[in-house]
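# Examination of the molecular architecture
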Amino acid sequence: MKDVIIIGAGVCGCAIADALGEYDCDIAVIERASDVACGASKANSGIVHGGFDAPIGSLKAKFNALGNPMFDTLAEQLDFPFRRNGAYVLAFDTDRISSLNALLKRGIANGISGLKIVSGDDVRKLNPNVSAAVTAALYSPSSGIVSPYEMTIAFAERAYMRGARFIFDTCVTSVTRYGDYMRVTCSDNSCYEARLVINCAGVHADEIAAMAGAGDFRIKGRRGEYYLLDKTQSYLTDATLFQLPTALGKGVLVAPTVHGNVLVGPTALDTDNKDDVSATALGLAEAADKGRLSVPSISLKSAITQFVGVRAHSDRDDFIIGMSSVEGFYNVAGIESPGLTSAPAIAVHVAKEAAQYLGASRKQDLVVIRKGIPCFAAMSDDERAKLIASDSRYGKIVCRCECVTEGEIIDSIKRPLGARDLDGVKRRTRAGMGRCQAGFCSPEVIRLIADTLGAPITEVTKCGAGSYVVAGRI
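No experiment lies behind these values; they were computed from the predicted model shown. (Residues numbered from 1 in each chain as written. Predicted model: local features only at pLDDT ≥ 70, side-chain atom pairs only at ≥ 80, totals over all residues. Heavy atoms only, no water.)

### What about helix H3 (residues 71-78)?
- Along H3, the residues classified as buried are Phe71, Leu74, Ala75 and Leu78. The arc that holds every buried residue of H3, seen down its axis, measures 100 degrees, which confines them to one face.
- Looking at the buried side of H3, the elements it contacts are strand E3 (47-48), helix H2 (59-67), strand E4 (82-83), strand E8 (144-146), helix H6 (148-161) and helix H9 (339-358).
- Backbone geometry just downstream of H3 places Asp79 in the positive-phi region, at approximately 60 degrees. (Buried < 20%, exposed > 50% of the residue type's maximum accessible area, 1.4 Å probe, protein only. Helix = DSSP H or I, 4+ residues; strand = E, 2+ residues; numbered from the N terminus. Arc of directions from axis to C-beta. Contact = heavy atoms within 4.5 Å.)

This is how it looks when you write it as structure tokens:
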């Protein structure tokens, strides 16, 4: 029997597994996909929000304010990309300046410091590509950008190093209370028992809660479509550019990524199909048109890909965090924006409550530092020479667009919770994320996965679950 079963290996599930790893308890994480960060945790804006727009007194406001300042230390301990680049909320006419002032007051009430209203000219002095129609903006210096999937992987790897077990490629089919414990049954006919189940199932959290008899909320999928622009467009903006938010969210943004690309999106469309991540011409056109309101010079000729994320919007319009009406079943649900920013603080809170429920004590010998994969592209020539001298495989470039080496790819497969498919390698190394979108490097990455895992090339998949890349040999 486990002490804790966490359902869902997104950023919250992995962060909670990591935080719970500070206590003496036996943890298992069950994930339906083939890897961590396969849902909304990989397909989002990667923004560390300043905390000015969450409703006063909400859990979103509380955990955003607590989570934001944790990123500097976490990025150092867990070795994931993060940068405080600042953010502006843009107003396009003088009539909306009152709305900026309302956001400013809300941010101050939420405990956020450093916020101020600036003129449109002040915005353009530092961001010359911002539209001439912008009359004023709210500036948030504490806002930042992060690689959401690398952050989730980092949490998962340290959780694994702290003793958590990860179970992939199986769906939870039932959650039932039996006496003093919970029983979780999965689609592969496996069955697990634990004293506590933590529901981090994202857009499907309401379905998992209903299985346990705690389905007193509903989750609706909220689709967001994005363009990703080539690194040649990094000059467009260094700051995150929001537009004044609406009832459906923070609107379409134009923002840099930590790796030098530019994001345009997301749209916001509620859907009953929670797994629909297909891009649409209509949605992408909307993202582009609204993005050009902030930065008119955006050109779709520089778009290298598009993607869709589905956020988990609850009918309570806030995070749902706490023990449910069923003892031993704990919900972490409705974690939409600012969920990525809030995840570290949510994890600490949930781990403390779980440890108290279980009567678990803190570990004496605790793993603190997790070292990521060496990033050859970001190194100096001297650093590269030393790395190649230690292992010649770092001297062979496999992905030309992102300058990813054979050594990095093999490391991504061999490390704790290593990659098992093309997308897993891509999230860990960026092989295939560049301008050609894996057109050049895929055959070599497939070979490296097969050789490193000792599997036939025909068994290598793009993203698990039968998504085979090679049909056979001739």
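### A few points about the packing of helix H1 (residues 11-20) against H6
- Between H1 and H6, the least distance of the axes is 8 Å, while the angle of their chain directions is 30 degrees. Between H1 and H6, the crossing angle belongs to the class labelled roughly parallel. Crossing of H1 over H6 shows left-handed handedness. Facing Val11, Cys14, Ala15, Ala17 and Asp18 of H1, the residues of H6 in contact are Met151, Thr152, Phe155, Ala156, Arg158 and Ala159. (Axes fitted to C-alpha atoms, helices over the stretch in contact; angles between N-to-C directions. Parallel < 35°, antiparallel > 145°, perpendicular 65-115°, else oblique. Left-handed = near helix turned anticlockwise from the far one by under 90°.)

### Considerations on H6
- Taking 1.5 Å per residue as the helical rise, H6 with its 14 residues ought to reach 20 Å, and the 20 Å between its terminal C-alpha atoms agrees with that figure.
- With twelve of its 14 residues buried, H6 lies for the most part within the structure.
- Among all positions in H6, only Pro148, Tyr149, Glu150, Met151, Thr152, Ile153, Ala154, Phe155, Ala156, Glu157, Arg158 and Ala159 are buried.
- Residues of H6 that are buried in the fold lie against H1, H3, E8, strand E9 (165-167), H9 and helix H12 (422-429).
- Positive backbone phi, at 115 degrees, marks Gly163, one or two positions downstream of H6. (Expected span 1.5 Å × (residues − 1).)

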